[in-house]
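What follows is the residue order along each chain.
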Amino acid sequence: MENATIRISVAGKESAELIAELSRRTFYDTFAPYNTPENMDQFLQTQFTMEQLMEEVGAPRNTFLLAWLGEEVAGYARLYEGSELPHELSGTTAIEISRIYATQEAIGKGVGKALMEACIEIAREKGTTWIWLAVWEHNGRAIAFYEKMGFEIFGKHIFVLGQDLQNDWEMKKRL
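Residues numbered from 1 in each chain as written. Predicted model: local features only at pLDDT ≥ 70, side-chain atom pairs only at ≥ 80, totals over all residues. Heavy atoms only, no water.

Trainee: An account of unusual backbone geometry is requested, with residue identities and associated values reported.
Mentor: For arginine 61, which is not glycine, the phi dihedral falls at a positive 70°. What makes arginine 61 partly exposed here is its relative accessible area of 44%. (Buried < 20%, exposed > 50% of the residue type's maximum accessible area, 1.4 Å probe, protein only.)

The following block contains the structure:
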């Protein structure tokens, strides 16, 4: 099998439905094995609906990236320039990678690295000092990847998945 080239593109409103479907599928594939069906269903039906996700695409302070492996969509990232920064980053310029996911078929093929490099490049172009993200404390594979990309843990917060209160590590990288 020949190696397909990874291509990253900035997504606009025309990609809202694709991104919303991809968001729900990659979230489910990543976390369903570790959570109850009830909590997953509640989260997807209340906090992560197609409508909510589609509204984010093209909304102010959001930048969405799509990763393509050959002709197939292989992942996406959402950069968010929110005013609510973690306490440790207040008073600085920072941008959040609020989501970064590869499809199950694309994991291990460089899609995450390509998306992360694109996120860092955009953050630098915007002149921010920090790029940061939150990751579930039990997602060891993602934490190891972020550390390899130069991120370090600096805090934590609660993430509510259905009825389950979970800890997310906050990780940052100076640009």
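That shown, we press on.
Trainee: Let's hear about the packing of aromatic side chains: which residues, and what values?
Mentor: Within the structure shown, the criterion is met by 11 aromatic pairs. Between phenylalanine 27 and phenylalanine 43, the ring centres sit 4.7 Å apart and the planes meet at 20°, which makes this aromatic pair stacked. Of this pair, phenylalanine 27 sits in helix H1 (residues 16-31) while phenylalanine 43 sits in helix H2 (residues 37-46), placing them 16 residues apart in sequence. Phenylalanine 43 carries the same exposure label as phenylalanine 27, and that label is buried. On the numbers, 5.6 Å between centres and 50° between planes, the contact of phenylalanine 43 with phenylalanine 159 is tilted. Note that phenylalanine 43 is positioned in helix H2 and phenylalanine 159 in strand S6 (residues 152-161), a separation of 116 residues in sequence. Looking at phenylalanine 43, the relative accessible area reads 4%, which means it is buried. Members of the aromatic cluster, joined through ring pairs, are Phe27, Phe31, Tyr34, Phe43, Phe48, Tyr76, Tyr101, Trp136 and Phe159. Just above the ring of tryptophan 130 sits the side chain of lysine 172; from NZ or CZ to the centre is 4.6 Å. (Phe/Tyr/Trp six-rings, centres within 6.5 Å; stacked < 30°, edge-to-face > 60°. Helix = DSSP H or I, 4+ residues; strand = E, 2+ residues; numbered from the N terminus. Lys NZ or Arg CZ within 6 Å of the ring centre and 35° of its normal.)

Trainee: Go over the packing of H1 against H2 with me, naming the residues and quoting the values.
Mentor: The geometry of H1 relative to H2 is characterised by a closest axis approach of 11 Å and an angle of 160° between their N-to-C directions. In terms of orientation, H1 and H2 fall into the roughly antiparallel class. Considering how the two elements wind past one another, H1 and H2 form a crossing that is right-handed. In this structure, H1 contributes Arg24, Phe27, Tyr28 and Phe31 to the contact, and H2 contributes Met40, Phe43, Leu44 and Gln45. Grouping the constituent residues of the contact of H1 with H2 by class yields 6 nonpolar, 1 polar and 1 charged. (Axes fitted to C-alpha atoms, helices over the stretch in contact; angles between N-to-C directions. Parallel < 35°, antiparallel > 145°, perpendicular 65-115°, else oblique. Left-handed = near helix turned anticlockwise from the far one by under 90°. Contact = heavy atoms within 4.5 Å. Nonpolar A, V, L, I, M, F, W, Y, C, P; charged D, E, K, R; others polar.)

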